[in-house]
Amino acid sequence: MMKTVIGSVLVAGSVLAGGATGAFAQAGPTLGPYGYGDVKLGMTVKQAKATGAVVKKMDGGKDSCSGWDLKKFPTGKDAVGVYISPKAGLAAIFAAKGMKTPEGIGFGSTGKQLKAAYPHIKKDAHGYNVIKVPGNKKAYYSFGVSHGKVTEFGIALNTQDCFN
């Protein structure tokens, strides 16, 4: 699965069928409201490494973001699943196959399900659907929708400084 960043949008490329919403969300890997499992937004590199759930893929240097993967969800050669900023900490997590938000939105969810789960969602300048994460005012979700289905999504800190 290829993940890239376009503008201020989190992008991950893979499509699956399904997508329950609201109280009927299926159990499974949940992305949000504070991260994924023990991997939490805002963590330092040291804290993220201590979880044992991430593996480094790209060194960012002293003043740049480093790229990581969740061990359970490795990405391709030129991709990362997590960015960690020296200033903001763990800044973004890109969704992987099978992940859903607590509201049940995942790859393959329909645009209608997305709007039902997040009634105040708005399109940004890049055409992506963005909304503050319910229960975490310090983060936002970004969803790409193509042909009426969610094809990409992720969670990021409002203060992330790893991409535009």
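Above this note sits the structure.
This text gives an overview of the structure that appears in the document. (Residues numbered from 1 in each chain as written. Predicted model: local features only at pLDDT ≥ 70, side-chain atom pairs only at ≥ 80, totals over all residues. Heavy atoms only, no water.)

## Regarding the sheet that holds strand 9 (residues 122-123)
(1) Moving on: The strand order across the open sheet formed by eight strands is 5-6-7-8-12-11-10-9, and the pairing between neighbours is antiparallel. Of all strands in the sheet, those bounded by a partner on one side alone are strand 5 (54-58) and strand 9.
(2) Moving on: Inspection of the sheet shows strand 9 paired to strand 10 (residues 129-133) by two bridges, in the antiparallel sense. By the bridge assignment, Lys123 is partnered in strand 10 with Asn129. (Pairing = 2+ DSSP bridges. Helix = DSSP H or I, 4+ residues; strand = E, 2+ residues; numbered from the N terminus.)

## Describing the pairing of strand 6 (residues 66-70)
(1) Moving on: Among the five residues that make up strand 6, five are buried, leaving the element largely enclosed by the rest of the structure.
(2) Moving on: Side chains Ser66, Trp68 and Leu70 project from strand 6 onto one buried face, and the interleaved Gly67 and Asp69 project onto a second face that is buried too.
(3) Moving on: Of the pairings in the sheet, the one linking strand 5 to strand 6 comprises four bridges and is antiparallel in character. Counterpart to Met58 in the pairing with strand 6 is Gly67.
(4) Moving on: Judged from the three bridges that link them, strand 6 and strand 7 (residues 82-85) form a sheet pairing that is antiparallel. The residue of strand 7 that forms the bridge with Gly67 is Tyr83. (Buried < 20%, exposed > 50% of the residue type's maximum accessible area, 1.4 Å probe, protein only.)

## Some thoughts on the packing of aromatic side chains
(1) Moving on: Under the counting rule described, the total for this entry stands at nine aromatic pairs.
(2) Moving on: With a centroid separation of 5.8 Å and an interplanar angle of 55°, the aromatic rings of Tyr118 and Tyr141 are classed as tilted. One end of the pair, Tyr118, is in the loop between helix 2 (111-117) and strand 9; the other, Tyr141, is in strand 11 (residues 136-146), with 23 residues separating them in the sequence. The residues Tyr118 and Tyr141 share a single accessibility class, namely buried.
(3) Moving on: For the pair Tyr141 and Phe143, a centre-to-centre distance of 5.6 Å together with 50° between the ring planes defines the contact as tilted. There is no split in this pair, since Tyr141 and Phe143 are both buried.
(4) Moving on: Within the aromatic cluster, the residues linked to one another by ring pairs are Phe107, Tyr118, Tyr141, Phe143 and Phe153. (Phe/Tyr/Trp six-rings, centres within 6.5 Å; stacked < 30°, edge-to-face > 60°.)

## A closer look at the nonpolar core
Nonpolar side chains in soluble globular proteins generally cluster together in the buried interior.
(1) Moving on: Ranked by size, the top nonpolar core spans 33 residues in total, and within it Leu70, Leu90, Ile93, Met99, Tyr118 and Phe143 carry the most contacts.
(2) Moving on: Elements supplying a minimum of two residues to this core: strand 6, strand 7, strand 8 (89-94), helix 2, strand 10, strand 11 and strand 12 (149-157).
(3) Moving on: Residues Tyr83, Ala92, Cys162 and Phe163 belong to the second largest nonpolar core, which totals 10 residues. (Core = buried A, V, L, I, M, F, W, Y, C linked by side-chain atoms within 4.5 Å.)

## A word on the state of the cysteines
The bond known as a disulfide is covalent and runs between the sulfur atoms of two cysteines.
(1) Moving on: Scanning the model with the defined rule gives one disulfide in all.
(2) Moving on: Disulfide partner of Cys65: Cys162, at an S-S distance of 2.0 Å. Its torsion about the S-S bond being -90°, the disulfide of Cys65 and Cys162 is classed as left-handed. Residue Cys65 is located in the loop between strand 5 and strand 6, and its partner Cys162 is located in the segment after strand 12; the two are separated by 97 residues in the primary sequence.
(3) Moving on: Residue classification places Cys65 among the buried residues on the basis of a relative accessible area of 12%. (Disulfide = S-S within 2.5 Å.)

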